[in-house]
Amino acid sequence: MRVTLIVVLLAITLVVTLAWSLQRRLIYFPDRTAPPPADRALAGARDVTLRTTDGLSLGAWLVTPPPGTPDRHRAVLVAHGNAGNRYGRAPLATALAAHGLTVLLVDYRGYGGNPGSPTEDGLARDVQAARAYLIDQAGFPAEQLIYYGESLGAAVVTALATRHPPAALVLRSPFTDLPAAGREHYPFLPVRLLLRDRFPVADLIAGVTVPTLVVYGTADTIVPAAQSLAVAERAGGPVRVVAVEGADHNDAVLLNGRQLITAIVELTL
């Protein structure tokens, strides 16, 4: 009996140790390959460089409205989710630019050919650098910026909004916090005790008073719909909720679908 208990304790210790040391590999799934040049990937795009406060130079794409499209003179800072890179968000940028919006597709450290490794603090620095670029280099006033965050990116831009409020905030499939999202996929681990990166969206959104749009899929198997609704309920300002019926987390309809794009455009009117 004593030997069995010791074996169980050792097994638990091993699992916890591995979960602590390797946890970020279970959170971040970057496509580290560098995308093609922006102008080869989509019309009206160019490569730009973001400079972080800890000395990194990050590649990003700036996408402008096509010729003949009325310019709304607003810029959308897009922070993607925990997987892929900016290339996979090109359809979103194309759809928004077609409605007169300038779009900055951000890639975090460790994503899309960028140096570094992703962490909660690192991603916060990355979107801070993106905001600085739009204001200092692209010439957009702070009050003309819209933050768009997809899944994990929703957490990143919500934190940014608490420090630098935008004109509006768009959260696509947000979770309440990372431990709550992690518990859905790793129920056998004490996720809330182990996680170093927390991303407390529901707590932070209570302090954000700008107009907020929450878009989610009713069939999301990654972030439960209930968590996205809980985020909306905690919003400190006016909030609109758009439910995309039958949509799962990575469905195209939640990338550049009509409901999503229309709701974003209406937010800018």
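Computed from a predicted structure; not experimentally measured.

A. Spotlight on the overall build of the protein chain. Looking only at helices and strands, the protein chain features 11 helices and 10 strands. Here the C-alpha coordinates of the protein chain stretch approximately 80 × 35 × 30 Å along the principal axes. In the protein chain, buried positions account for 50% of the 269 residues. Approximately 12000 Å² of the protein chain is accessible, and the part contributed by carbon and sulfur atoms is 58%. One way to put it: in the protein chain the 23 positive side-chain charges average out to a point 5 Å from where the 22 negative ones average out.

B. Spatial organisation of unusual backbone geometry. A positive phi is found at His73, a non-glycine position, where the angle reads about 55°. Within the secondary structure, His73 is located in the loop between strand E3 (57–63) and strand E4 (75–79). Look at Phe199: it is not a glycine, yet its phi comes out positive at around 50°. The topology assignment puts Phe199 in the loop between helix H7 (191–194) and helix H8 (201–205).

C. Spatial organisation of the nonpolar core. Leu50, Leu77, Leu104, Leu169, Phe175 and Phe199 are the most contacted members of the largest nonpolar core, which totals 49 residues. Looking at this core, the element that brings in the most residues is helix H5 (residues 152–163), giving 7 residues. Setting aside its immediate chain neighbours within four residues, Phe199 contacts Tyr28, Glu120, Leu123, Leu152, Ala155, Val156, Phe175, Thr176, Asp177 and Leu178. Leu101, Val103, Leu254 and Leu255 belong to the second largest nonpolar core, which has 32 residues in total.

D. A look at helix H9 (residues 225–234). Considered for burial, the residues of H9 that qualify are Ala225, Gln227, Ser228, Val231 and Ala232. Considered in projection along H9, the buried side chains sweep an arc of 165° and stay on one side of the axis. Those residues of H9 that are exposed and aimed more than 90 degrees away from the buried face are Ala226 and Glu233. At its buried positions, H9 is contacted by strand E8 (168–172), helix H6 (178–185), H8, strand E9 (212–217) and strand E10 (239–244).

E. Examining H6 more closely. Buried within H6 are the following residues: Leu178, Pro179, Ala180, Ala181 and Gly182. Turning to H6, the residues buried within the fold contact H7 and H9. Capping the start of H6, Asp177 holds a side-chain oxygen 2.8 Å from the backbone nitrogen of Ala180, two or three residues further along.

F. Highlighting a nonpolar patch on the surface. On the surface, Leu229, Val239 and Val241 cluster together into a nonpolar patch covering about 190 Å² of accessible area. Note that Val239 resides in strand E10.

G. A look at the packing of aromatic side chains. If you walk through the whole model with that rule in mind, you get 2 aromatic pairs. Ring geometry for Tyr108 and Tyr111: centres 5.5 Å apart, planes at 85°, overall edge-to-face. The exposure class assigned to Tyr108 is buried, which follows from its relative accessible area of 0%. By relative accessible area, Tyr111 is classed as buried at 0%.

H. Region of interest: the pattern of salt bridges. Throughout the structure, instances matching the rule amount to 7 salt bridges. Arg109 is the salt-bridge partner of Asp54, the closest N and O atoms lying 2.7 Å from each other. Taken as a pair, Asp54 in the loop between strand E2 (45–51) and E3 and Arg109 in the loop between strand E6 (102–106) and helix H4 (120–136) lie far apart in primary sequence, 55 residues in all. Across the pair Arg109 and Asp126 runs a salt bridge whose closest N-O atoms are separated by 2.8 Å. Linking Arg109 in the loop between E6 and H4 with Asp126 in helix H4, this pair joins segments that are 17 residues apart in sequence. Considered together, Arg109 and Asp126 belong to a single accessibility category, that of buried residues. Salt bridges here are not isolated pairs; linked through shared partners, they connect Asp54, Arg109 and Asp126.

Reading guide: rules and limits
Residues numbered from 1 in each chain as written. Predicted model: local features only at pLDDT ≥ 70, side-chain atom pairs only at ≥ 80, totals over all residues. Heavy atoms only, no water. Helix = DSSP H or I, 4+ residues; strand = E, 2+ residues; numbered from the N terminus. Buried < 20%, exposed > 50% of the residue type's maximum accessible area, 1.4 Å probe, protein only. Areas by Shrake-Rupley, 256 points an atom, 1.4 Å probe, with all protein chains shown as cover. Lys, Arg positive; Asp, Glu negative; His and termini not counted. Charge placed at Lys NZ, Arg CZ, Asp CG, Glu CD. Core = buried A, V, L, I, M, F, W, Y, C linked by side-chain atoms within 4.5 Å. Contact = heavy atoms within 4.5 Å. Arc of directions from axis to C-beta. Polar contact = N/O pair within 3.5 Å; in protein donor to acceptor, adjacent residues only side chain to side chain. Patch = residues over 30% accessible without salt bridge, like charges linked within 9 Å, V, L, I, M, F, W, Y side chains within 5 Å. Salt bridge = Lys/Arg side-chain N within 4 Å of Asp/Glu carboxyl O. Phe/Tyr/Trp six-rings, centres within 6.5 Å; stacked < 30°, edge-to-face > 60°.

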